[in-house]
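Fold and contact review
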Amino acid sequence: SLTGEKGGGPVKPGLPVADLTSGLWVAIGILAMLSGREKTGRGAHLDFSMLDGQVSLLTLAAARYFALGEVPARLGTEHPGRVPSATFRCKDGKFAHLTASDQHWEPLCRVLDLGEWGSGFGSNELRVEKRNEIMQKLTEIISRIDREKLLQMRDEAEVPIGPVNDVAEILSDPHVRARGLVGSFDYPGVGE
């Protein structure tokens, strides 16, 4: 119920989140059991379901439910408690995700030439209250800037903005390559 565009229906995540994270939780459980056996000499039984894993990932949504009685609505890429924190379409059709806490807001407004908005909406509390107005203005401005230029502006302002890469972009990214996350090898009878 959390995933999807504001006002739209739920959507399936792009990856099998339940399968992938359940494997991680099980591996963590096994490591904890091995550590316990090392200390106590006793074994243990691991009982875990994919449902357990998904409920454990509710973190912020569950906290908002317990603290505020709020059943979070779908917000697309927006954050329920921080404005702005969302993905924006740039002039070249590519996307970038921007997150601006209070310390980033004025520098962001400065590089986007938003004048008085920097001081006028200086607190996150006020920005959350004026979410629709702020998101509309940022969407309008960012839609006139190519993503690469927006990322350069981020560097000038020291505001957390990052590209939303497609699979080809991320697999050829210099940082991904430098980290050795993608490589090639020769396979007999197939080649590279």
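The structure displayed is predicted, hence computed values, not measured ones.

Cut-offs applied
Residues numbered from 1 in each chain as written. Predicted model: local features only at pLDDT ≥ 70, side-chain atom pairs only at ≥ 80, totals over all residues. Heavy atoms only, no water. Helix = DSSP H or I, 4+ residues; strand = E, 2+ residues; numbered from the N terminus. Rg over C-alpha atoms; globule rule 2.2 N^0.38 Å. Buried < 20%, exposed > 50% of the residue type's maximum accessible area, 1.4 Å probe, protein only. Contact = heavy atoms within 4.5 Å. Areas by Shrake-Rupley, 256 points an atom, 1.4 Å probe, with all protein chains shown as cover. Lys, Arg positive; Asp, Glu negative; His and termini not counted. Charge placed at Lys NZ, Arg CZ, Asp CG, Glu CD. Phe/Tyr/Trp six-rings, centres within 6.5 Å; stacked < 30°, edge-to-face > 60°. Pairing = 2+ DSSP bridges. Axes fitted to C-alpha atoms, helices over the stretch in contact; angles between N-to-C directions. Patch = residues over 30% accessible without salt bridge, like charges linked within 9 Å, V, L, I, M, F, W, Y side chains within 5 Å. Salt bridge = Lys/Arg side-chain N within 4 Å of Asp/Glu carboxyl O.

Quick word on the overall build of the protein
- Broken down by element type, the protein carries ten helices and three strands.
- The C-alpha atoms of the protein give 22 Å as radius of gyration, which overshoots the globular expectation for 192 residues (16 Å, by more than 25%).
- Seen through its principal axes, the protein has C-alpha atoms that stretch 65 × 55 × 35 Å.
- Counting only residues that meet the buried cut, the protein has 26% of its 192 residues in that class.
- Long-range pairs, those at least 24 residues apart, make up 56% of the contacts in the protein between residues at least 6 apart in sequence.
- By element, 56% of the accessible surface of the protein is carried by carbon and sulfur atoms, the whole surface being about 13,000 Å².
- Side-chain charges of the protein comprise 22 positive and 26 negative groups, with the mean position of each set lying 2 Å from the other.

Focus: helix H4 (residues 102–111)
- Those residues of H4 not exposed but buried are His 104, Trp 105, Pro 107, Leu 108 and Cys 109.
- Each element contacted by the buried residues of H4 is listed here: strand E2 (95–99), helix H5 (117–120), helix H6 (124–129), helix H7 (131–142) and helix H8 (147–157).
- Looking one or two residues beyond H4, the residue adopting positive phi is Asp 113, at roughly 55 degrees.

Things to note about the packing of aromatic side chains
- Counted according to the given criterion, the structure contains two aromatic pairs.
- With 5.5 Å between their ring centres and 65 degrees between their planes, Tyr 65 and Phe 66 make a pair best called edge-to-face.
- Assessed through its relative accessible area of 70%, Phe 66 is described here as exposed.

Details of the sheet that holds E2
- Strand order in the open sheet formed by three strands is E1-E2-E3, with antiparallel pairing between adjacent strands. The sheet is open, and its two borders are formed by strand E1 (85–89) and strand E3 (161–164), each paired with just one other strand. Within this sheet the neighbouring strands show an average axis-to-axis angle of 25 degrees, counted without direction.
- Relative to E2, E1 runs antiparallel, the two being bridged by five bridges. The residue bridging Arg 89 from the neighbouring strand is Phe 95, located in E2.
- Strands in contact with H8 are E2 and E3; relative to E3, the strand with the most contacts, it is inclined by about 155 degrees.

A short note on a nonpolar patch on the surface
- Residues Leu 15, Val 17, Leu 20, Leu 24, Trp 25, Ile 28 and Leu 57 make up a contiguous nonpolar surface patch of about 650 Å² in total accessible area.
- Structurally, Leu 57 is set in the loop between helix H2 (50–56) and helix H3 (59–68).
- According to the relative accessible area criterion, Leu 57 is partly exposed, its value standing at 38%.

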